[in-house]
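Residue-level listing of the chains:
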Amino acid sequence: NADWAVNGLSDPYCVCEVPGKPFSRILTPVVQDRLDPEWNYTREICDWEPGDSLSFAVFDKDYGKKDDLLGRATLAAERIYPFAF
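First, a word on scope: everything that follows refers to the structure included in this document. Computed from a prediction, not measured in an experiment: that's the story for all the values here.

Right, let's talk about the sheet that holds strand E3 (residues 54–60) for a bit. What the four strands build is an open sheet, ordered E2-E1-E3-E4; its pairing is antiparallel. Looking at which strands have only one partner, the edges of the open sheet turn out to be strand E2 (21–27) and strand E4 (68–75). Mean inter-strand twist for the sheet, computed between neighbouring axes without regard to direction, equals 20°. Summarising the sheet, strand E1 (residues 12–18) and E3 pair through six bridges and their orientation is antiparallel. Within E3, the position partnered with Cys16 by the bridge is Phe56.

So this is what it looks like as structure tokens:
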């Protein structure tokens, strides 16, 4: 709940990337005024290879100032491949 002073809701978005591969970074659309966002967003991660993990960071979009980090998670390579593809 990073927008506590305004309406108690966040405007979250997620950044996903392969650590160490900046061109792999993708951003989801911002979900306005939600504490329980669902993106249902599909993209292909460029530069992903078997053995790469995925890093996720969720931010609260703040217009006019720096976005707030809401949380981070890493999905280890062995949890992704060969199971997900």
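It is worth spelling out the packing of aromatic side chains at this point. What the rule picks out here adds up to one aromatic pair. Here the aromatic rings of Tyr13 and Phe59 are separated by 5.6 Å at their centres, their planes lie at 20°, and the arrangement is stacked. With Tyr13 in strand E1 and Phe59 in strand E3, the pair connects residues that are 46 residues apart, well separated along the chain. The class for Phe59 is buried, based on a relative accessible area of 18%.

Quick look at the pattern of salt bridges now. Inspection of every chain in the model, using the stated rule, returns five salt bridges. Residue Asp52 is joined to Lys21 by a salt bridge in which the shortest nitrogen-to-oxygen separation is 2.8 Å. Placement of the pair is Asp52 in the loop between E2 and E3 and Lys21 in strand E2, with a sequence separation of 31 residues. Judged by its relative accessible area of 14%, Asp52 is buried. Across the pair Asp36 and Arg34 runs a salt bridge whose closest N-O atoms are separated by 2.6 Å. Residue Asp36 is classed as partly exposed on the basis of its relative accessible area of 47%.

Reading the values: rules and limits
Residues numbered from 1 in each chain as written. Predicted model: local features only at pLDDT ≥ 70, side-chain atom pairs only at ≥ 80, totals over all residues. Heavy atoms only, no water. Pairing = 2+ DSSP bridges. Helix = DSSP H or I, 4+ residues; strand = E, 2+ residues; numbered from the N terminus. Axes fitted to C-alpha atoms, helices over the stretch in contact; angles between N-to-C directions. Phe/Tyr/Trp six-rings, centres within 6.5 Å; stacked < 30°, edge-to-face > 60°. Buried < 20%, exposed > 50% of the residue type's maximum accessible area, 1.4 Å probe, protein only. Salt bridge = Lys/Arg side-chain N within 4 Å of Asp/Glu carboxyl O.

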